[in-house]
Amino acid sequence: MKRCKMAMARLAALIVLYTSLGHIPSSLGVILRTTDKIVWANEFEPIELTCLIESISTNNPRIEWKKIKNGVPSYVYFQNKISGDLENRAQLREPANILIFNTSRADTAEYRCEVAAIEDQRDFDEILISLAVRGIGSKCSNLLRSG
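To start, this report covers the structure provided alongside it. (Residues numbered from 1 in each chain as written. Predicted model: local features only at pLDDT ≥ 70, side-chain atom pairs only at ≥ 80, totals over all residues. Heavy atoms only, no water.)

## Considerations on the environment of Asn88
Line of reasoning, step 1. Inspection of the secondary structure assignment puts Asn88 in the loop between strand 7 (81–82) and strand 8 (90–93).
Line of reasoning, step 2. Here Asn88 falls in the exposed class, since its relative accessible area comes to 73%.
Line of reasoning, step 3. Residues Asn88 and Asn102, 14 residues apart in the sequence, show an inter-C-alpha distance of 9.7 Å. (Helix = DSSP H or I, 4+ residues; strand = E, 2+ residues; numbered from the N terminus. Buried < 20%, exposed > 50% of the residue type's maximum accessible area, 1.4 Å probe, protein only.)

Next up, the structure:
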């Protein structure tokens, strides 16, 4: 009980110190969330996969996206650029979202957003999003292509 009171007193003192300096620590670690873990899109339409950084202290975290198809991962966003089969069809949007401009059925897969924040106590988090792209039917897709 005595230890608990001492720990609480130290914590209170730290809070007073940080508050008096005008700085309250924002985070003990990187925390991610997404708006949707399961996403549906129509073929040829845009879709945004959300990777929201809720908490972080590191200024320039390392952000990576991987596409996992049939259990095999491949890079989608690596070393600050879009790569793989999304290279000319997507962009990274702040904070760490991926916008696919023109989805295809081949984009149906699991996508993993990974954020590494070396200055944070909890220095890594990841989110897994499942994307399913629906075909729009052969007649409609032929009309769109000839269009």
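There is more to say, and it comes next.
## Quick notes on the nonpolar core
Line of reasoning, step 1. Among the nonpolar cores identified, the biggest contains 26 residues, and Trp65, Ile98, Tyr111 and Leu131 are the most heavily contacted of them.
Line of reasoning, step 2. Counting residues per element, the ones that place at least two in this core are strand 2 (38–42), strand 3 (47–49), strand 5 (62–69), strand 6 (72–78), strand 9 (97–100), strand 10 (109–116) and strand 11 (124–134).
Line of reasoning, step 3. The residues contacting Ile98, other than those within four sequence positions of it, are Ile47, Glu48, Leu49, Trp65, Val76, Tyr77, Ile82, Ala90, Gln91 and Leu92. (Core = buried A, V, L, I, M, F, W, Y, C linked by side-chain atoms within 4.5 Å. Contact = heavy atoms within 4.5 Å.)

## Brief notes about the layout of surface pockets
Line of reasoning, step 1. A volume near 150 Å³ is recorded for the largest pocket.
Line of reasoning, step 2. In terms of lining, the largest pocket is formed by Ile53, Pro61, Arg62, Ile63, Tyr77, Gln79, Asn80, Leu92, Glu94 and Pro95.
Line of reasoning, step 3. Its residues placed into classes, the lining of the largest pocket shows 6 nonpolar, 2 polar and 2 charged. (1 Å grid on protein atoms, 1.4 Å probe; cavity = no way out; pocket = protein on both sides within 12 Å on 5 of 7 lines; lining within 4 Å. Points joined across faces, edges and corners; volume = space filled by probe spheres on them. Nonpolar A, V, L, I, M, F, W, Y, C, P; charged D, E, K, R; others polar.)

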